[in-house]
Amino acid sequence: METVIPCVLMRGGTSRGPFFLGDWLPADPVQRDRLLLTAMGSPHALQVDGIGGGNTLTSKVAIVSRSTRPDCDIDYLFAQVSVDRAMVDTRPNCGNMLSGAAPFAIDECLVAPRDGVTSVRVHNVNTGAVIEAVVQTPNGHLTYEGDARIDGVPGTAAPVRLNFLEAWGAITGKLFPTGQRQEYIDGVAVTLIDAAMPMVLMRAQDFGLRGDETPAQLDGNAGLLERMERIRREAGRRMGMGDVSQSVIPKPVLVAPCERAGTLTLHSRYFTPHACHRAHAATGAVGVASAFLMPGTVAHACGGPTVVAGYRTVRIEHPSGGMDIDVDLDTASGKVRAAGLVRTARKIMKGLLYVPGHYVLAGAEPMRAVA
């Protein structure tokens, strides 16, 4: 017995994975996650029996539906499917995959395109955050082609502007869950922040690092990974998230000063959480850039500027290049009003996905189980 469901494979930012409409999948979360594991080929290092790419960046799933919120157009549920474990984590958001959600929704007729650009309000089901995605729709037609270039992806494509509007404390309830901008875990100064993504920020120099190391160099440092995992687990406990040993959040991030004339720039190495990202998570970049502008954090100690009103652009240098984040800081409260960045997306293929086993699907045709 096998189940046949529609599937759209897309690149979103520097990530890639299948996109599904919500009613293409089982309504029951347990059945849904079992189907996703089988579809991706997990657990297996190469995911050879599924459509996963054998890497955390290519073992991601996006599930899109018409929004249950009256102030939003679509609901976006992100699922991180473990490569080597039978685990699906829907606690975090993914800003890279998010960049494909609005184009996918327009393609699947959930949102009507406008002439020029189409603004889509996205409710991230994982965190409750609201993000505005601005998609290119010249003459009322969606396009994936354009001149925007992002580091970590070859070629150019149409820009997708992501404006994070309500992403501060979305999971823990507070921008700084412990009420402190800096504290110590295992003798290391850390900032525990929930800004688009729960993270534990640490200075690279406190681990004897420069901050511009390659992912291979960092992944090969077993002592570093073990110590950061201890810190991450304690950070999760302090942030009110309980035992995070089976979760991918909070994410550990190493930051370091970066001298670049005329710009506000910071080195960042983002972990997923047990390996260094080959580029950088978009949500993580939003949080790192926000912390860089806020006095008292370990990121701000890496050359952060004095606080001024309005938007400021922070460049996050990552292993594949850089990412520019526009942050609007409220000088009165010291909190973030909004943050935005540009990503790109590409529709790679659409077809039918054949999954071994029988699943009770949420919708009707064309989903079916066949013997």
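Structure: see above.
Everything in this summary refers to the structure shown in the same document. (Residues numbered from 1 in each chain as written. Predicted model: local features only at pLDDT ≥ 70, side-chain atom pairs only at ≥ 80, totals over all residues. Heavy atoms only, no water.)

### A word on the pairing of strand 8 (residues 159-166)
Note the threshold: When DSSP locates at least two bridges between a pair of strands, those strands are taken to pair. Here a helix means four or more residues in a row that DSSP labels H or I, a strand means two or more in a row labelled E, and each is numbered from the N terminus.
Summarising the sheet, strand 7 (residues 130-137) and strand 8 pair through 5 bridges and their orientation is antiparallel. Looking at the pairing, glutamate 132 lines up with asparagine 163 of strand 8. Of the pairings in the sheet, the one linking strand 8 to strand 16 (residues 335-356) comprises 6 bridges and is antiparallel in character. The residue bridging asparagine 163 from the neighbouring strand is glycine 340, located in strand 16.

### As for helix 5 (residues 282-292)
Stated precisely, the cut-off is as follows: A simple rule labels every residue: compare its accessible area, found with a 1.4 Å probe on the protein chains alone, to the largest value its type can have, and call it buried under 20%, exposed over 50%, or partly exposed in between.
Within helix 5, 11 of the 11 residues are buried, leaving the element largely enclosed by the surrounding structure. Burial in helix 5 covers these residues: Ala282, Thr283, Gly284, Ala285, Val286, Gly287, Val288, Ala289, Ser290, Ala291 and Phe292.

### Things to note about the environment of histidine 141
In this structure, histidine 141 sits in the loop between strand 7 and strand 8. Separated by 11 residues in the primary sequence, histidine 141 and glycine 152 place their C-alpha atoms 27 Å from one another.

### A closer look at the pairing of strand 14 (residues 310-318)
Condition: Handedness is read with the strands pointing away from the viewer; a crossover is right-handed when the path from the first strand over the helix to the second is clockwise.
Two elements, strand 13 (residues 264-270) and strand 14, share 4 bridges in a ladder whose sense is parallel. Within the sheet, the bridge partner assigned to histidine 267 lies in strand 14 and is glutamate 317. This β-α-β element, strand 13 to helix 5 to strand 14, shows right-handed connectivity. Two elements, strand 14 and strand 15 (residues 321-330), share 9 bridges in a ladder whose sense is antiparallel. Considered in strand 15, the bridge of isoleucine 316 is made with methionine 323. Where strand 14 hands over to strand 15, the hairpin turn is made up of 2 residues, counted between the paired strands.

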